[in-house]
Each structure stands twice: as structure tokens, then as C-alpha cells.
Amino acid sequence: MPQLIHLDVSELEAPEPMSVILNELHQLKSDAALRIRHRKRPLPLYSLLQEMGFTYHCVELDVSELAIYIWPINDQILGEFCHQAANQERGS
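All values derive from a computational prediction rather than experimental measurement. (Residues numbered from 1 in each chain as written. Predicted model: local features only at pLDDT ≥ 70, side-chain atom pairs only at ≥ 80, totals over all residues. Heavy atoms only, no water.)

(A) Inspection of the pairing of strand E4 (residues 65-72) at higher detail. Burial of E4 is extensive: seven of the eight residues sit out of reach of the surface. Sheet analysis places strand E2 (residues 32-38) next to E4, joined by five bridges and oriented antiparallel. Bridge pairing in E4 links Arg37 to Ala67. Alignment of strand E3 (residues 54-62) against E4, held across eight bridges, turns out to be antiparallel. Of the residues in E4, the one forming a bridge with Thr55 is Trp71. Taking the residues between adjacent antiparallel strands as the criterion, E3 and E4 are bridged by two residues. (Buried < 20%, exposed > 50% of the residue type's maximum accessible area, 1.4 Å probe, protein only. Helix = DSSP H or I, 4+ residues; strand = E, 2+ residues; numbered from the N terminus. Pairing = 2+ DSSP bridges.)

(B) Local environment of the sheet that holds strand E1 (residues 3-8). Pairing is mixed across the open sheet formed by four strands, whose spatial order is E1-E2-E4-E3. Looking along the sheet, the strands with just one partner apiece sit at the ends: E1 and E3. Within this sheet the neighbouring strands show an average axis-to-axis angle of 20°, counted without direction. Sheet strands touched by helix H1 (residues 16-26): E1, E2, E3 and E4. Its angle to E2, the strand with the most contacts, is close to 170°. Across the face of the sheet, helix H2 (residues 43-52) comes into contact with E3 and E4 while running at roughly 150° to E3. (Axes fitted to C-alpha atoms, helices over the stretch in contact; angles between N-to-C directions. Contact = heavy atoms within 4.5 Å.)

Dropping the structure here:
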């Protein structure tokens, strides 16, 4: 069963969120995805994710609160899992 690793970088100052997220991605197990709580869209991260073989889905929860789901681009099961989690979160 897929796992969702929760990571809160919303209180960190740049460039710490990027470092923390990249470090976590390097340690990510094959059956896991990241759910990141952030206060803004990390645009530089998005292009890096693609280069690293990951994709993402971003959900705006509030004006300054985002949930960003990240998983390996070729893992359809994790992708569906993340989209379901995001839809549930958006509906709550």
C-alpha cells in the first residue's frame, strides 16, 4: 500500500524548504510519496522535480497554505493515490 510522507516547510526561510524537500526526495522509498505543507508555490522546485523524474500536484488550501504532493513520474498507482488524497483534502 502506498505511503504518504508528511513534511511541513511552511515556517522555514529560503533556501531551507528546497534543501529539506530535496533531501527527503533522495531518501524516498519506492512505495512512498511526499505531501508538503508550504506557504507559497516553490517554482524553482518544479523544474528540478521533472529533471529528477518526479511530478507533482498542488492544492491551495488557503491564501498562504499549499499542499504539494510529489511522486515518481512513472508510478501511476502513487499518482492516483496522491490525487485522491488531494481531492479529499480539498473537500474537507
